Structures are given as C-alpha cells and as structure tokens.
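Chain residues, written in single-letter form:
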Protein chains: 4
Amino acid sequence: MTALALDAAGVAAYIAEVWPGASDRYSAETIESLTATSARMRWRVDESVLRPGGTVSGPTMFQLADSVAYLLVLGLLGRAALAVTSHASIDFLRRPSSAELVAEARLLKLGRTQIVMAVDIFTVDLGAEPDPARPVASASLTYSRALVT
Amino acid sequence: MTALALDAAGVAAYIAEVWPGASDRYSAETIESLTATSARMRWRVDESVLRPGGTVSGPTMFQLADSVAYLLVLGLLGRAALAVTSHASIDFLRRPSSAELVAEARLLKLGRTQIVMAVDIFTVDLGAEPDPARPVASASLTYSRALVT
Amino acid sequence: MTALALDAAGVAAYIAEVWPGASDRYSAETIESLTATSARMRWRVDESVLRPGGTVSGPTMFQLADSVAYLLVLGLLGRAALAVTSHASIDFLRRPSSAELVAEARLLKLGRTQIVMAVDIFTVDLGAEPDPARPVASASLTYSRALVT
Amino acid sequence: MTALALDAAGVAAYIAEVWPGASDRYSAETIESLTATSARMRWRVDESVLRPGGTVSGPTMFQLADSVAYLLVLGLLGRAALAVTSHASIDFLRRPSSAELVAEARLLKLGRTQIVMAVDIFTVDLGAEPDPARPVASASLTYSRALVT
C-alpha cells in the first residue's frame, strides 16, 4: 500500500508557499479528507460563479474536479507542484442548486508517468452529506508526473 | 446552411444583459469571429491565472474552451442562456507560455437536443496568428439545448 | 425508484430476436446481474481478441463497456434497440492478463434524452470476483434515447 | 520535422508478422495515406458489424478510430507493437449509412511518453471522398509509448 507523502495540512502549507493565489481552495475548511487512494473537498458556492438561471458554471465544477484531483496527486507525490493535468473528461448531469459542492476523488491508477482518478461532484446543503446516487457531475482526470514539454 | 441567430455584437450585448459578470469574456476585444460553423476568441493571459512554473492553469483553458463553444451556441440558437454544457473532454498538450490564448471552435453537429463542437487552443504572442499544428489544448464539448433537469 | 422494463432474460430474448449476431454477448452466461441502477457482465477472453504481447485489445474492452451499458439501457427502456451511444470516454489503466473480463455499469443519470453511465472493467480468473480497487479500464458512456439523425 | 520510421507498406508488413489476425485491417487496400503528422484508412462496411436499424455499431467505429491511430503511431515509432491506447474519447454524431468508412488521424502531440491524435470518421459511397463538415464520429486517442504496467 502506498503511504501519503503529504497529509492534508502538508498540502495546504505547500500550496500556501508555492501558489498563494490558490490557498483559499486548499485549506483546513475545504479539505475534508485525504488518503492514499482518495480525497474529498467541500466548496461554498459563491454567487460570483453562478450562470444565468442560478446554476453553478461548468468551469467552476471543472476547477473543483481538477482541484480535488491535484490534492490527491500532491498527497501521493509530495511537493510536486509541476505535475500537470494531461487529460480530463467531465459529464455534467444535473443542475447544482444548493449551498455547497462536495467533490470526491478516487485513485484509479498510480503509474510511473500518469496518475488517473475518478471524481464525482455533489450539491449539498450546508454541512450535509451527499447522496452517492445523484452526482451533479462525474469526471475522469489524468495527471502527468513529468512536465508537459 | 444554417444562418446565425446572433452575430458577435449580438452575443456580447446579450451576455452583458443576462450575465454581466461574464461580459469581459464576451466583448469586441475577445470575440474575433463567429460564423454558423465556427467561432474564435482571444484572451490576454492574466498573471492571476498562472500556476506555479508560470503556466496557465487547466481550469483557465477549460473556461476558454467552454466560452468559445458557448459563443458558437449563442450564435446558432440566439438568446438561449439556459443551454448548458453536458459533456467536455480536453487534452492538455503543451505548456502555454505566451501572452495570449486563441481558441477556435468548429461545429461537429447541430442536433435537435445536442450541439457538439471541437475546440483547439493555441498560445501566441500579442496579436499573432496561431500555428495550427501546435495547439496547447484540444477539446470536444457538447451543449444540451434543453435544461439539465 | 425506476422499475426495470426488461429483466436479464428479457434482454437476452430481445437481443436474440432483433440482433442475432450479438446474442452470444447477451446470454444467461454473460449477464450476471441487472437492476434499475446497475448491470454486470462477464466475458471469457478469446485468443482471437489478443494483441501482440498477449493483452486484450482496446476495442474489445470498448465493446464490453458498450455492451454492459446497452444492457442497462435495455433494462431501463425496454425494447429500445435503436437507442445509440452518443459519447464514450475510456481510460485503459492496466494490462488485462487473466481468463475473464468483468464489467460493471452504474447509472449516473436517466434523463429524458440522455442516459449516462460509468463502467469499470476488471480482469479475473475463471469465475472469480474482481478487486474493485484495480480496474483494467474505466469508462463513461452516454446513450441517446432518440435516434441520432 | 519528424521523419516516418515506417511507411504504409512497412506497417502492413510489420502487422502481418506480429499480429496476423489484424492484417486485413492494415493492408494496401485499407491504408490510404501515412505521413509524419497524419494517417488515413478506408474500411468496407460488412453486414456483420451492423446493429439493428442498419447502422454501423459504435465498437466498430471505435475499432477504426483506434486502428488509424495505431497506424500513425507505428509510422512514427516504427516496430512498436507494444505501444498501447491509454485513453480514448469518441462522439458519435450521425448514423453511418453508406458503403464505406473513411478515418483520418491528425497528430496533436508526439511526446516522450504519450502520443495524442484527433480522428474524424466519415461515411462515403464506394471510393468517394468524405465531406469534411459532416463526420459520423470524432475522437481523441492517446497512445502510451511504454507498456501499461
């Protein structure tokens, strides 16, 4: 079994150091769990990301999927800020309508050059648990351990 | 041949009306062309969207791909703010390193319920033309004409 | 909760009637379970589908993913032979090396026009249960309820 | 500019040697062109691959997309039978109805570990040229140069 190279607090500290502009997305409030095979984040929905009709925009959900995947990558690889997303596929399934978004990443493969993860995103009331049968989006993300050159 | 329901200025005016927070992304500066089968946008890269290492973040490129696709959807469907992305796949191919990003959307299918588009993203110097053989990202996006319910 | 329109035997009988060439893929041997939110199939690996190096070819795994998704679609919609795949994304994660492939489909969304499913594929010894943490492939498939026209 | 490691005849000879079961798919009849940035194949539609309603099955189109991508990979890398598909996304856009399928692969990136290609598939009458504006399917495929382990 792979051990974590960084725990949740270690990831938050690392992001604060190398990428301060993202530190509000990787904090004690947003990171709910991090293990060697999974990660979970919770984001408060801010009105600024709403599209007409009151729904959360697709790019916001993509950013959340990418962020929870990067959280898991940093947990697995440690101080690897230069690992980059090489592929992402996302299905938008339902309109997110509630106060918070919860994203769960599950490790599919930790390879020598690629890390593949599945991410489900849920919409929930403040502090509530998601219904696993009703994701609002479902994604697959691949991170490349080397720089894309 | 399908005619445009809205031209570039019409899309910019519509966005300013229904989604003012996005109006800087759909303006006379950012929209370079809009036809019944294609759309093109150009974004200045802002330091705030850079990841560690100086590269543009994946979510920023996703947002650009989604924006140029939505531009084409609005051109085709007219005042259809509630059309939503139902699927997106994106390959990140190279590190974007230059001052501007150019995105080109090409219509693959205009169906009764779904609109499918291919999008290539390029990194260029200020005002320069992209090299079609070297996109920094390549995506496929599907918009649903009805609300996701 | 949605009830099944056809059970496993009903799907097998329907395929035998309308698509006899596919009836060996939808039989009492290959269909292991079918509920209103999931489906599971098991295929014996035939040497004819092996690539150089002894691995199962990508198109064979794609066909299995598409078949278990279609099984779930027929279970949900009934005699709907004309429902078609509109999108598929698949990650090939590990080399399948064993005697059988097991595929599990999970319903993500049953919409008015689109049905979205997640599929994981596993490689197992004869009759064995898969290790859920080590899929050989992971896919997302969308079926369109109407004909693609 | 990258030179071809194998030309069309070289690929056909190599496939006949290492993967005889696939040699009818990689022949002087099916390979129409192969350059360092593109490949093109043409397949006669066989009744055995038709689904109910007379349309070509999704897995058949996937196999064609994967085959033309592998043709380009072999042209670029030479005798690299063990290069494998690591990811594929495919949109099925229209019902293929004609006598032949033509598939065109375009190189998006030749990286150290990954090769990314875009593939469009067209349906045409015998020997006819495709209409580039109306593909029946559009795909993105990634090949991994190393074995998936």
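In what follows, the accompanying structure is described. All values reported here derive from a predicted model rather than from experimental measurement. (Residues numbered from 1 in each chain as written. Chains lettered and ligands numbered in written order. Predicted model: local features only at pLDDT ≥ 70, side-chain atom pairs only at ≥ 80, totals over all residues. Heavy atoms only, no water.)

**Quick word on the packing of helix H1 (residues 8-18) of chain A against helix H2 (residues 58-77) of chain A**
All names here are of chain A. At a closest axis distance of 10 Å, the pairing of H1 and H2 adopts a crossing angle of 105°. It follows that H1 is roughly perpendicular to H2 by the angle criterion. For the pair H1 and H2, the contacting residues are Val11, Tyr14 and Ile15 in the first and Tyr70, Leu71, Leu74 and Gly75 in the second. (Axes fitted to C-alpha atoms, helices over the stretch in contact; angles between N-to-C directions. Helix = DSSP H or I, 4+ residues; strand = E, 2+ residues; numbered from the N terminus. Parallel < 35°, antiparallel > 145°, perpendicular 65-115°, else oblique. Contact = heavy atoms within 4.5 Å.)

**A look at the pairing of strand S5 (residues 114-124) of chain B**
All names here are of chain B. When you tally the buried positions in S5, you get 10 out of 11 residues, the bulk of the element. In terms of strand pairing, strand S4 (residues 100-110) meets S5 through 10 bridges, oriented antiparallel. Across the sheet, residue Ala105 finds its bridge partner in S5, namely Val119. Between S4 and S5, which pair antiparallel one after the other, the connecting turn spans 3 residues. The pairing of S5 with strand S6 (residues 137-144) spans 8 bridges and is classified as antiparallel. Considered in S6, the bridge of Asp120 is made with Ser138. (Buried < 20%, exposed > 50% of the residue type's maximum accessible area, 1.4 Å probe, protein only. Pairing = 2+ DSSP bridges.)

**A short note on the interface of chain B and chain A**
Every contact between the two is made by 29 residues of chain B and, on the other side, 29 residues of chain A. Roughly 2500 Å² is buried in total at the junction of chain B and chain A, and carbon and sulfur atoms are behind 60% of that figure. If you look at where chain B meets chain A, you find 0 salt bridges. Inspection of the region where chain B meets chain A yields 9 residue pairs in polar contact (both at pLDDT 80 or more). (Buried area = accessible area lost by both parts, 1.4 Å probe. Salt bridge = Lys/Arg side-chain N within 4 Å of Asp/Glu carboxyl O. Polar contact = N/O pair within 3.5 Å; in protein donor to acceptor, adjacent residues only side chain to side chain.)

**Comments concerning the relation of the copies chain B and chain A**
Once chain B has been moved 0.0 Å along the axis and rotated by 180°, it coincides with chain A to within an RMSD of 0.0 Å. A rotation of that kind, with that shift, is consistent with a two-fold axis. Relative to the rotation axis, the C-alpha of Ser89(B) is the closest in chain B, positioned 2.0 Å from it. By residue overlap, the copies meet face to face through one surface: 100% of the interface positions of chain B are interface positions in chain A. (Least-squares fit on C-alpha atoms with pLDDT ≥ 70 in both.)

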